[in-house]
Amino acid sequence: MAEWAEECDVLVVGSGAGGCCGAYTAAREGLSVILVEASEYFGGTTAYSGGGGVWFPTNAVLQRAGDDDTLEDALTYYHAVVGDRTPRELQEAYVRGGAPLIDYLESDDDLEFMVYPWPDYFGKAPKARAQGRHIVPSPLPIAADPELNESIRGPLGRERNGEPLPDMLIGGRALVGRFLIALRKYPNVELYRNTPLEELIVEDGVVVGAVVGNDGERRAIRARKGVVLAAGGFDRNDEMRSKYGVPGAARDSMGPWSNLGKAHEAGIAVGADVDLMDQAWWSPGLTHPDGRSAFALCFTGGIFVDQDGARFTNEYAPYDRLGRDVIARMERGEMTLPFWMIYDDRNGEVPPVGATNVPLVETEKYVDAGLWKTADTLEELAEQIGVPAESLKATVARWNDLAAKGVDEDFGRGDEPYDLAFTGGGSALVPIEQGPFHAAQFGVSDLGTKGGLRTDTVGRVLDSEGAPIPGLYAAGNTMAAPSGTVYPGGGNPIGASALFAHLSVMDAAGR
């Protein structure tokens, strides 16, 4: 028998959307809860999200804004893009569960959401919606609570560039902040930072608690009703990435340093089955002077070319699809990194990227690092980036011909609503004709791994025979994603994290 340092009804591991929502649900349902966070900040990968949104069809926030979507349409869309890679009942649990969760959360004045139109990521799939199925947390002023601002991870500008904290919590930081404020109303809630999970404790086949680290010591925490693992992915663990065949490198992931996969390893050690362990939420990554390629989106011009100076994808496609295009070509031996964005001088030297996520530093730092190139002619630019000059000239000439026609006959840029989301009503086909010409270096980034412990429809972790492991639950990037090998729409990662943590706690509570 373990010697317990503390006891609670529910132990939650992780403090992103899943951890916070799980802890909030437990507290609201009258259970005692301990939340442990491995790092110095609350928020996990969620806190880095610019929107902090959730993809929850037919929720009340959307309906109040006049949304006429139906669950049947949403299920048709979701299954059409996910296919049979994950259990149909798990997909349905996600699609159907979001709206009731928003009802549950909105009954608390501290938890507030607003519509943020964001197109579904497969615009040609059946029942895709151009306006999306997406809501975000309302911004949260922090003037009256500066300590809260200090305790939440991010923004990336602070952590990577030393920028001052903003005076408003937005996006994922707002979601985490709202949960932390809401948790203050309840007794029997303990929140610990710098407290990583070490291992799970099993007695008579039941997970009854966990050992955590704190100030160099190991402490055993008993969980009478269950342990919820919502500790993110293993994106920052190169050894695990290599073991499971996840493309890319830890340094280029957008997850926090603490996403080392300890919850995955602890679950596997007690018999959990896993799935999708070679998968991540991908994106193209603009390379910064520190050598890291970071998630970038909202492109408003330019084309991507490979080592042969040839265009190879729809640059305006949703970021996960873009990332997967690059990875697929690399796996076939058709492409090497880096690849380059080619653009003209209509808006100057800075690449036409509306959201770099990691804020840009001074232009000269990119130039000095060899990441941004400029030349008076395409031939000179080709030489600078090491691609065949005639090929780059032909690629740009072909692109300009397509732009003049207004139709991308090669890769369909502009054919789906997402492609047009950042054009301001203009064409998605912006010609490259005003010298000098520029190139910006890109690699592959990710928003975290999405493989993990296999679960049922209420978050119970399953063993290799498909049976639940009593007392153990998982959510978010610690669970195998319901969406399988695709990214159906913005807000899927955070949505699944919050929902399955909520469902886990409700099941543990017998609700």
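My aim in this report is to walk through the structure given alongside it, one point at a time. Not measured: the values here are computed from a predicted model.

**Side note on the packing of aromatic side chains**
Tallying each qualifying case throughout the model produces 27 aromatic pairs. A centroid spacing of 5.7 Å and a plane angle of 90° characterise the contact between F312 and F339, whose relative ring orientation is edge-to-face. Taken together, the residues F312 in the loop between β16 (303-305) and α10 (319-331) and F339 in strand β17 (residues 339-343) connect sequence positions 27 residues apart. Each of the two residues, F312 as well as F339, counts as buried. Judged by centre distance (5.3 Å) and plane angle (85°), the ring pair of Y319 and Y487 falls under edge-to-face. Pair noted here: Y319 is in helix α10 and Y487 is in the loop between β23 (468-474) and α14 (492-508), with a separation of 168 residues, a long-range link. Here Y319 and Y487 have matching classes, each one buried. Linked through ring pairs, Y116, W118, Y121, W281, F295, Y319, Y418, F422 and Y487 together constitute an aromatic cluster. One cation-aromatic arrangement involves R28 over Y104; the distance from NZ or CZ to the ring centre is 3.8 Å.

**Description of the environment of N149**
For N149, the location among the structural elements is in helix α5 (residues 146-151). For N149, a relative accessible area of 3% gives the class buried. Sequence separation of N149 and G177 is 28 residues, and the distance between their C-alpha atoms is 7.9 Å. Beyond its immediate stretch of four places on either side in the chain, N149 contacts I142, R158, L165, P166, L169 and R173.

**A few points about helix α3 (residues 71-82)**
Counted at 1.5 Å a residue, the expected span for α3 with its 12 residues is 16 Å, and the 16 Å between its end C-alpha atoms agrees. Buried within α3 we find A74, L75, Y77, Y78, H79, V81 and V82. Turning to α3, the residues buried within the fold contact β3 (54-55), α4 (88-106) and α14. Phi for G83, located one or two positions after α3, is positive at around 70°.

Thresholds, definitions, all that
Residues numbered from 1 in each chain as written. Predicted model: local features only at pLDDT ≥ 70, side-chain atom pairs only at ≥ 80, totals over all residues. Heavy atoms only, no water. Phe/Tyr/Trp six-rings, centres within 6.5 Å; stacked < 30°, edge-to-face > 60°. Helix = DSSP H or I, 4+ residues; strand = E, 2+ residues; numbered from the N terminus. Buried < 20%, exposed > 50% of the residue type's maximum accessible area, 1.4 Å probe, protein only. Lys NZ or Arg CZ within 6 Å of the ring centre and 35° of its normal. Contact = heavy atoms within 4.5 Å. Expected span 1.5 Å × (residues − 1).

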